[in-house]
Amino acid sequence: MPAARAGGRLLFAGASRRHRGSAPDPNLSERLRLFQQLRAAQDPRDGTGTGTGRPSPGTPIRIALPGGRLLPGRALQTTPFEVAAQLGGGLAEAALVARVNGTLQDLDRPLESDTDLELLDFSAPEARAAFWRSGACVLGTVAEQLFGAALCRAQATEDGFFCDIHMGDRAVQRDELPALEAACVAFTRAGHRFERLEATRQQLAELFKHNSFQLQQVEEEVTSPTTTVYRCGPSLHLIPGPLLQHTGLISALRVLTSSAAFWEGAGGRQSLQRVAAVAFPSAQGLAEWQRVQEEAALRDHRRIGREQELFFFHKLSPGSCFFLPRGAHIYNTLIEFIRSEYRARGFSEVVTPNVFSPQLWELSGHWQHYSPNMFTFTAGTETFSLKPMNCPAHCLMFSHRRRSWRELPLRLADFGVLHRNEPPGALTGLTRVRRFQQDDAHIFCTMGQLEAEIASCLDFIRSVYAVLGFSFRLALATRPPGFLGDPHTWDLAEQHLERSLRGFGQPWELSPGDGAFYGPKIDIQIRDALGRQHQCGTIQLDFQMPERFQLEYISAEGGSLRPVLIHRAVLGSVERMVAVLAESCGGRWPFWLSPLQTIVIPQAPEVEDYAREVQAVLRGGGLLADLDGDAGATLARKIRRAQLAHYNFQLVVGQRERTHGTVSIRTRDNRQLGEQDLPRVLQRLQELRDTRVPDAEERF
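Rules of the game
Residues numbered from 1 in each chain as written. Predicted model: local features only at pLDDT ≥ 70, side-chain atom pairs only at ≥ 80, totals over all residues. Heavy atoms only, no water. Helix = DSSP H or I, 4+ residues; strand = E, 2+ residues; numbered from the N terminus. Expected span 1.5 Å × (residues − 1). Buried < 20%, exposed > 50% of the residue type's maximum accessible area, 1.4 Å probe, protein only. Polar contact = N/O pair within 3.5 Å; in protein donor to acceptor, adjacent residues only side chain to side chain. Contact = heavy atoms within 4.5 Å. Phe/Tyr/Trp six-rings, centres within 6.5 Å; stacked < 30°, edge-to-face > 60°. Lys NZ or Arg CZ within 6 Å of the ring centre and 35° of its normal. Pairing = 2+ DSSP bridges. Right-handed = clockwise from strand over helix to strand, strands pointing away. Arc of directions from axis to C-beta. Salt bridge = Lys/Arg side-chain N within 4 Å of Asp/Glu carboxyl O.

Account for helix α17 (residues 574-585), with residues named and values stated.
Residues separated by three or four positions in an α-helix point in the same direction, a consequence of the helix having 3.6 residues per turn. The terminal C-alpha atoms of α17, which comprises 12 residues, lie 16 Å apart, in line with the 16 Å expected from a rise of 1.5 Å per residue. Restricting attention to buried positions, one finds in α17 the residues V574, E575, R576, M577, V578, A579, V580, L581, A582, E583 and S584. For α17, the N-terminal cap is S573; the gap from its side-chain oxygen to the backbone nitrogen of E575 is 3.3 Å. Looking one or two residues past α17, G586 carries a phi angle of roughly 65°, positive in sign.

What follows is the structure in structure tokens.
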């Protein structure tokens, strides 16, 4: 389906009348002309628009590659793409973005000075994110033109991208998605370049003055003096870089869904359409993604939850999960696992209220930025809210009496119930809920204790994830534009974090500018059995909360000092972790966590009384034990049924076993372990449970 330009917009051959855009935008040519003028004035290749202290164009520079190889270059002339082409070996075709002195950059953006250069392909998470941001721009551009819509936002996600468009009262129908996908494919094949502009707030206001949605983004979200704008064909996108060189690098694209979304503006809430998609550099990549999706569908935690009777949701409490007995076992076992680590690592568990006055959140700073996501209600003449996080309450605990340096580090842990007012369209099984619990902890310490505490947190994470069977990635996120506090304090904190990471002995990455506004952090992403990345744990430093709450402790010298606050979670949301584990293991739970640990199967009704005795012994020993008393089923059918249900162990009993006080035991993989004494079986199962081994069936 070739794309053609007409009247300042794109027309797509073969698009039905329903899909064709509205009348040409009379302001389009004006916006594009202004964009090109600003970009030409900023082009660093001619030496204009450059800051002071940088080499003049053409100055020889040194380019250092991973492994120590050095290449010559020219300041403000040599680009990362040119380096990739010079290196050969298909690198120019595979590289998507560059890391220049630790900062991500477009391949076509000239190097300014001596450079440590790393070229990233689609296998790198940062390059994958840039690829999907570029895909979001394509999707937004085409949707805007095809439907005559107003583009509100184009954004990458962990597993693809989406765009939000305003279409008045109309919705994007499912049967329109194939035409949108075909139009996107045609647009990518045209090879439109992504052109970058670093614009001031005043320039942004002029560029987006005809789009109230993006203008609102400029006013509310752009806090730095400048930010990036990219042109993609006839559209401008307020989106962070880097992006790809051109759309032709997107070889395979699949439009997935359309759904409702909402925009909160000065005129109230407006209804939007959210279109989601995914894209890859090759058709093979899309095919592999499709295979993983099919496997993921079989492992969908909602299906597993239904089939194993773990949990359910109900319309009378949307976004709040009902955990059935088996699901509650998993939930509580995870919490008890973390509690056992707390006892060994010097944490003190506390209980804090659920309901607070808005004054608490105004003091913490959350009310100004987070109040739309909080549940509020009135009682008489007072307004209250359900807590969405624990940190302010822990600050109240710290400050309720005078603290001494001898009490530090003070490690407070809290499994309190949290509520967040997530939009209805965002609720997705256990991964996005309104009511949840976290293995939330806050550590109050001195700056001198910071490095050791971070190292301890990292060890905590490694220990827990090893038991759960997850590998993980670490990234040090440093201070962002608009950070709060003293730069020297930030530098010191980042140095402590970096030393802790280096001492940890596991590879980590630098994410410049990705820290929270209140402090640097260590981002932690786990990798499940399907290779998917999940953000669960976190380690964040916070200089602002102790300041806001005027937290102090008495130093050894007798003076008053401000503590440092560490926000720390390992599992994160317990609900989300249950979902991740369910999908990672496909419902074949490790024995220590399993809600289907054992099932007793009588060979005939005559021995059911002994089967119940065995069940009682197992339950008395703290194990989960079910019994299949179906008199109408054959023994083979009962065993097969237990294996399909993923019971870790099946204990078969007949007349012989009753006579000898034994059981015949087999695993869910039909590995027969033979007839064994019941006390010995109970002892071994307890040992396997308590040691939390991942392969109890093999170790029995």
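Tell me about the side chain of R568, and please be specific about residues and values.
With respect to the secondary-structure elements, R568 resides in strand β30 (residues 564-573). Taking relative accessible area as the criterion, R568 reaches 1% and is therefore assigned buried. Only 2.6 Å separates the side chain of R568 from the backbone oxygen of D439, close enough to count as a polar contact. Not counting the four nearest positions on each side in its chain, R568 is found in contact with Y342, F347, D439, D440, A441, C457, F460, T538 and I539.

Talk me through the packing of aromatic side chains; I want residue IDs and the actual numbers.
By the definition in use, this model includes 24 aromatic pairs. Residues F356 and W361 carry aromatic rings whose centres are separated by 5.9 Å and whose planes lie at 80° to one another, so their mutual orientation is edge-to-face. Of the residues examined, F356 reaches a relative accessible area of 11% and is grouped as buried. Among the aromatic residues, those joined into a cluster by ring pairs are F122, F131, W132, F280 and W289. For R274, the ring lying beneath its charged end belongs to F162, and the centroid distance is 4.0 Å. When the ring centre of F398 is taken as reference, the NZ or CZ atom of R403 above it lies at 5.5 Å.

Give a description of the sheet that holds strand β18 (residues 355-356) that names residues and reports values.
Pairing is antiparallel across the open sheet formed by three strands, whose spatial order is β18-β20-β19. Both outer strands of the open sheet, β18 and β19 (376-379), are each paired with one neighbouring strand and no more. Of the strand pairs in this sheet, β18 and strand β20 (residues 382-386) are connected by two bridges, and their pairing is antiparallel. Note on β20: the bridge partner recorded for F356 is S385.

Explain the side chain of S235 to me, and be specific about the residues and the numbers.
Structurally, the position occupied by S235 is in strand β12 (residues 235-238). Within the structure, the side chain of S235 is placed 2.7 Å from the side chain of E144, a separation counted as a polar contact. Once you skip the residues sitting within four places of it in the chain, S235 turns out to touch T141, E144 and Y230.

Summarise the pairing of strand β24 (residues 471-477); cite the residues concerned and give the values.
Two faces belong to every sheet, and in a regular strand the side chains alternate between them. Buried residues dominate β24, accounting for five of its seven residues. Alignment of β24 against strand β25 (residues 508-511), held across four bridges, turns out to be parallel. Along β25, the bridge assignment pairs A477 with S511. On the question of chirality, the crossover connecting β24 to the parallel β25 by way of helix α15 (residues 487-504) is right-handed.

Before we move on, can you summarise helix α1 (residues 28-42) with the specific residues and values?
With 15 residues, α1 extends 21 Å between its outermost C-alpha atoms, agreeing within 8% with the 21 Å of an ideal straight helix rising 1.5 Å per residue. Listed in full, the buried residues belonging to α1 are L28, R31, L32, F35 and L38. Looking straight down α1, one finds that the buried residues subtend no more than 130° of arc, so they occupy a single side.

I'd like a description of the pattern of salt bridges, backed by residues and values.
In a structure, side chains of opposite charge can pair up when their charged atoms sit close to one another. For the coordinates displayed, the defined rule picks out 48 salt bridges. When the shortest N-O distance is used, the salt bridge between R153 and E221 registers 3.2 Å. Placement of R153 in strand β8 (residues 150-157) and of E221 in helix α7 (residues 212-221) is noted, with a sequence separation of 68 residues between them. In this structure, the salt-bridge partner of E509 is R473, at a minimum N-O distance of 2.7 Å. Of this pair, E509 sits in strand β25 while R473 sits in strand β24; the two residues are 36 residues apart in sequence, bridging distant segments of the chain. Overall, the relative accessible area of 25% leaves E509 in the partly exposed class. What emerges from the salt-bridge pattern is a single network uniting E341, R345, D459 and R462.

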